[in-house]
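# Analysis of the macromolecular model
Chain residues, written in single-letter form:
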Amino acid sequence: MSLSSSSQALPIPAAAAHPLAATQAAHSSTSNAEPDAAPWPNLHAPDAVRTSTSAANAGSGSQGYRALRVFLRNPTAMLGCGFLLAVLLLAITAPWLFPGDPLDMVAQPFLWPGQDAAYLLGTDSMGRDVAAGIAHGARVSLLVGVSATLIGLSLGIGIGAVSGYFGGWVDDLLQRVVVLFQTIPSFILLVVLVAIAQPAISTIVVAIGLVTWPTVARLVRAEFRALRHKEFVLAARALGYSHSRIILREMLPNALPPIIVTSSVMVASAILLESALSFMGMGDPNVVSWGSMIGMGRDLLRTAWYLTAAPGLAIVFAVLAFNLIGDGLNDALNPRLSQER
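Before going into details, it helps to say that this report is about the structure given with it.

Conventions and cut-offs
Residues numbered from 1 in each chain as written. Predicted model: local features only at pLDDT ≥ 70, side-chain atom pairs only at ≥ 80, totals over all residues. Heavy atoms only, no water. Helix = DSSP H or I, 4+ residues; strand = E, 2+ residues; numbered from the N terminus. Buried < 20%, exposed > 50% of the residue type's maximum accessible area, 1.4 Å probe, protein only. Contact = heavy atoms within 4.5 Å. Areas by Shrake-Rupley, 256 points an atom, 1.4 Å probe, with all protein chains shown as cover. Polar contact = N/O pair within 3.5 Å; in protein donor to acceptor, adjacent residues only side chain to side chain. Expected span 1.5 Å × (residues − 1). Arc of directions from axis to C-beta. Phe/Tyr/Trp six-rings, centres within 6.5 Å; stacked < 30°, edge-to-face > 60°. Lys NZ or Arg CZ within 6 Å of the ring centre and 35° of its normal.

## Points about the overall build of the chain
A tally of helices and strands in the chain yields 17 helices and zero strands. In the chain, which comprises 341 residues, the share counted as buried stands at 37%. Excluding contacts between residues fewer than 6 apart, the proportion of contacts in the chain whose partners are at least 24 apart in sequence is 71%. As displayed, the chain offers around 19800 Å² of accessible surface, 65% of which is attributable to carbon and sulfur atoms.

Pasting the structure below:
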């Protein structure tokens with residue numbers, strides 16, 4: 001039997017003769033089975049066909065809701081938020097609770113706490129209200145802590161992002177500057193900067209910001225070095241995005257979790273640094289702060305210990321609040337710890 005005769009003997013199926021017929025038949029059967037469905041002809045994965053845009057958007061925001069849920073369920077973080085809320089309320093209501101200048105002499109010196117109902121925490125050696133000093137000192141401490149942290153974050157994020165993104169000689173040059181700042185003890189450098197300039201609140205804020213930025217720079221550099229070879233960064237470069245757009249809109253949002261955790265600790269460190277300067281008599285003499293109150297009461301520690309105990313407890317609660325919040329943020333934003341939960 002020849003090849004030609006065998007081919008004539010076997011009939012050719014209609015689907016083989018017309019390849020598009022099977023596809024059209026499948027589409028027609030699908031449309032008959034599900035009249036409301038609109039299948040995509042170029043997608044063959046059932047999961048991809050069933051996935052909607054709203055479901056994809058919900059999945060992208062689930063990580064933020066999960067981190068918030070973990071943070072709200074953390075008892076230590078909630079305790080820190082309670083302490084911080086108390087300090088904020090005291091700082092906000094200080095002008096109404098204690099009007100006037102807290103440095104004014106308003107009563108008899110050395111009134112002990114509870115001795116006079118008008119002065120709940122007593123008075124110091126010059127007849128100044130201790131409670132008024134603590135309330136107004138909360139405003140100064142929070143102002144210095146937040147402002148100095150913003151300055152340190154701005155410098156650290158800018159230098160660290162450029163260093164980690166570009167690498168090469170830019171990275172080497174900027175890291176030499178970071179190492180130069182870190183070789184000098186931070187508190188000694190702070191004392192020198194404040195001693196050179198006028199001891200004012202603005203000077204202290206800038207000096208603390210200049211002292212604390214190297215830690216943020218090294219952290220951001222490490223994060224950017226880990227992110228610059230990721231697929232989304234390579235895709236952004238392939239699309240022709242500018243360096244500033246890639247740094248600010250693509251890489252920086254992915255490096256924010258450790259930066260947020262570090263910022264809470266930086267606020268606590270700034271409060272301690274300002275208190276230490278005021279304790280040494282290098283603070284702003286025109287305002288009252290917790291450190292200056294401790295410094296003025298250290299000579300009377302045996303006879304009037306409440307003069308140092310009250311502002312000392314205020315510093316402890318404020319610093320503890322930011323540290324507890326930082327631990328809670330670390331638990332919520334750290335992927336490894338979140339997976340363990």
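Having put the structure on the table, let's press on.
## Details of unusual backbone geometry
Not every positive phi belongs to a glycine, and Phe110 is a case in point at roughly 60°. On the secondary structure map, Phe110 appears in the loop between helix H7 (94-97) and helix H8 (130-166). A relative accessible area of 36% places Phe110 in the partly exposed class.

## Description of the side chain of Thr262
Residue placement: Thr262 occurs in helix H14 (residues 256-279). The class for Thr262 is buried, based on a relative accessible area of 18%. At 2.8 Å, the side chain of Thr262 forms a polar contact with the backbone oxygen of Pro258.

## A look at helix H6 (residues 75-92)
Here H6 contains 18 residues, and its C-alpha end-to-end distance of 26 Å stays within 8% of the 26 Å for a straight helix at 1.5 Å per residue. Listed as buried for H6 are Ala77, Gly80, Leu84, Val87 and Ala91. Buried positions in H6, seen along its axis, are confined to an arc of 90° and lie on one side of it.

## Observations regarding H14
For H14, with 24 residues, the first-to-last C-alpha span of 34 Å sits near the 34 Å given by 1.5 Å per residue. Gly281 lies just past H14 and shows a positive phi near 85°.

## Looking at the packing of aromatic side chains
The tally for this structure, following the rule as stated, stands at five aromatic pairs. Between Trp112 and Tyr306, the ring centres sit 4.8 Å apart and the planes meet at 50°, which makes this aromatic pair tilted. With Trp112 in the loop between H7 and H8 and Tyr306 in helix H16 (residues 306-333), this residue pair connects regions lying 194 residues apart in the sequence. Given a relative accessible area of 35%, Trp112 falls into the partly exposed group. Note on Tyr306: relative accessible area 4%, which makes it buried. Ring geometry for Tyr165 versus Phe166: centroids 4.9 Å apart, planes at 85°, classification edge-to-face. A relative accessible area of 4% means that Tyr165 is categorised as buried. Its relative accessible area of 39% is what places Phe166 among the partly exposed residues. Directly above the ring of Tyr241 sits Arg245, whose terminal nitrogen or CZ lies 3.9 Å from the centroid.

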